[in-house]
Amino acid sequence: MSRLFDFAGGAGMGYSQPDTIMAKESVSLPASLVRKNLPKWPRLSEPEMVRHYTWLSRRNFGIDTGFYPLGSCTMKHNPRVNEVIAQMPGIAEIHPHQPEHHLQGLLSIFHEMQHMLEICAGMDQVTLQPVAGAQGEFTAVRCVQEFFRSRGEDQRTKVIVPDSAHGTNPASAAMAGFEIIEIPSLEDGRIDIDALKAVVDDTVALMMVTNPNTLGLFENDISQASEIIHSVGGQMYYDGANFNAILGRTSPGLMGFDAVHFNLHKTFSQPHGGGGPGSGPIGVKSHLAEFLPGPIVKKRPISSGHEEFAVDDMWYGWYQPANSIGKVQQWHGNAGAVVRCWAYYRRYGYGLKDMSEHAVLNANYLRHALHREAEKAGISDMFIDGATTKVAKHEFTLSLLPAKEKYGISAMDVAKGLLDKGYMAPTVYFPLVVPECMMFEPTETESRDTLDKFAKEFIQVLQQDAETLHQAPITTPVRRVDEVYAARNLCLRHPFDE
Ligand SMILES: *Cc1c(COP(=O)(O)O)cnc(C)c1O
């Protein structure tokens, strides 16, 4: 399977190292620890190495080779200018241990990013430390927990989540030791205010809401939900992973939330996949700020005698919140991701508002294009639109239940069929509340032509007979894989013959 190891034992050498002060003689390891034989690593020349990785990349599907209608993960186009800026030596080659006066440029970027996110979220203080959405959630949940402990309200042991919540919400709260109270959604997929009223009392610490929810629907009654939770002394948490639907239009602060996390790698732009690299800053209202993990960047007038390094006559310095829950990440978070997202936002400026407008427009355009093409093909009986409203937000769901029941075609079959058409598959079987679910998120960067073409080809896949679709994919390097095999039988070692 792997080209690289096919070359194992070759004579090539793809690198040369300068002589260093660590000359061989100066290293004295006990003889028992010194290798007798060279490791059986492949020895490749530079061109062999380049060919290996190029070959590997061509077996993969990526946003640079095709359309990616994958909801919630938002693998969207990452403008190359971000990369240029993140690789500038003043950013890429600094070390977190360097003193503040070496870091004024980066610190000013961090400060501006904190401030911009505070404005977008309607929050008072942001920390850039968490490196994933889920980590941001846990961090904020812990801040809320410490807030209540500091007030002696130890009886608040419950966290409320709607059943449409992203799975990380209850997981984060459970990790912090809270009991999870799940409330059912209304028929239309939104929060059931009566169900909420029925479970609130002074044992509630927090309600966690994903808005727009995982069905791509805006929670119309969100302000009322906030009032209900606040009336019993609880806090409101906003899962802002899907901020690209509302950025510049409204804010969690306006909706009554006390804390929020961002997924910079989704909303802004940062190539991510397979679990990283990400950035999941959180923002909180002032009453929670003293519990945030530090350090946070604060701006103050110059006072320290390093005038020549100052940016705009100001000094940027690290600051430790008074009753911090402690660090949640080594160093200062994922600086490279923050810089890329800062570059993205600087490029857009106030146009971020257009970004969210286009994300929502593209989702709704695709949704209607799919209905249009299905009608033309006479197969509009094969799926049900998950959006109960005229306009969805940045993503929408279809239930393929009718296709499954009438023709034996599952959401998984359609997802695999799309791979043969040269597309990444949409998210399938999530959210759990929609049977045979497919979730689409085209993102703001795709053109109308791309969306039209995808809609046509999606319907062509649906028109294939079940037998054919059960075989899909037939054009990919690997066919239908056992989805859990690798997780259950983890093997990370190449089988060398000893
Ligand atoms: C992606 C996502 C998360 C988790 O973010 P990670 O960075 O993957 O940890 C949480 N909530 C929602 C709604 C998401 O889409």
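In this report, we go over the structure that sits alongside the text.

The rules behind these values
- Residues numbered from 1 in each chain as written.
- Predicted model: local features only at pLDDT ≥ 70, side-chain atom pairs only at ≥ 80, totals over all residues.
- Heavy atoms only, no water.
- Phe/Tyr/Trp six-rings, centres within 6.5 Å; stacked < 30°, edge-to-face > 60°.
- 1 Å grid on protein atoms, 1.4 Å probe; cavity = no way out; pocket = protein on both sides within 12 Å on 5 of 7 lines; lining within 4 Å.
- Points joined across faces, edges and corners; volume = space filled by probe spheres on them.
- Helix = DSSP H or I, 4+ residues; strand = E, 2+ residues; numbered from the N terminus.
- Nonpolar A, V, L, I, M, F, W, Y, C, P; charged D, E, K, R; others polar.
- Buried < 20%, exposed > 50% of the residue type's maximum accessible area, 1.4 Å probe, protein only.
- Lys, Arg positive; Asp, Glu negative; His and termini not counted.
- Salt bridge = Lys/Arg side-chain N within 4 Å of Asp/Glu carboxyl O.
- Polar contact = N/O pair within 3.5 Å; in protein donor to acceptor, adjacent residues only side chain to side chain.
- Contact = heavy atoms within 4.5 Å.

## Describing the packing of aromatic side chains
Summed over all chains, the structure comprises 16 aromatic pairs. Through successive ring pairs, a cluster of aromatic residues spans Phe67, Phe396, Tyr423, Phe440, Phe454 and Phe458.

## Observations regarding the layout of surface pockets
One water molecule sets the probe size; rolling that probe over the atoms shows where empty space is left. A volume near 780 Å³ is recorded for the largest pocket. Surrounding the largest pocket, 24 residues form its lining, Phe61, Lys416, Leu419, Met424 and Thr476 being those nearest its centre. Per-element tally for the lining of the largest pocket: the top contributor is helix H15 (residues 411-420), with 4 residues.

## Remarks on empty space enclosed by the protein
Following the criterion strictly, the structure yields 1 cavity of 30 Å³ or more and no others. In this structure, the largest cavity occupies an estimated 50 Å³ of space. What lines the largest cavity is Phe110, Gln114, Thr127, Leu128, Gln129, Pro295, Ile296, Val297, Trp318 and His332. For the lining of the largest cavity, the elements supplying multiple residues, two or more each, are helix H5 (104-121) and strand S8 (296-301). Split by residue class, the lining of the largest cavity holds 6 nonpolar, 4 polar and no charged.

## What to know about the side chain of Asp239
Locating Asp239 in the fold gives a position in strand S5 (residues 235-240). Buried charged residue Asp239 carries no salt bridge. Nearest counter-charge: Lys266, at 6.9 Å. In terms of polar contacts, Asp239 uses its side chain to reach the side chain of His261, at 3.5 Å. In contact with Asp239, not counting residues within four places along its chain, are Glu137, His166, Thr168, Asn169, Val209, Thr210, Asn211 and His261.

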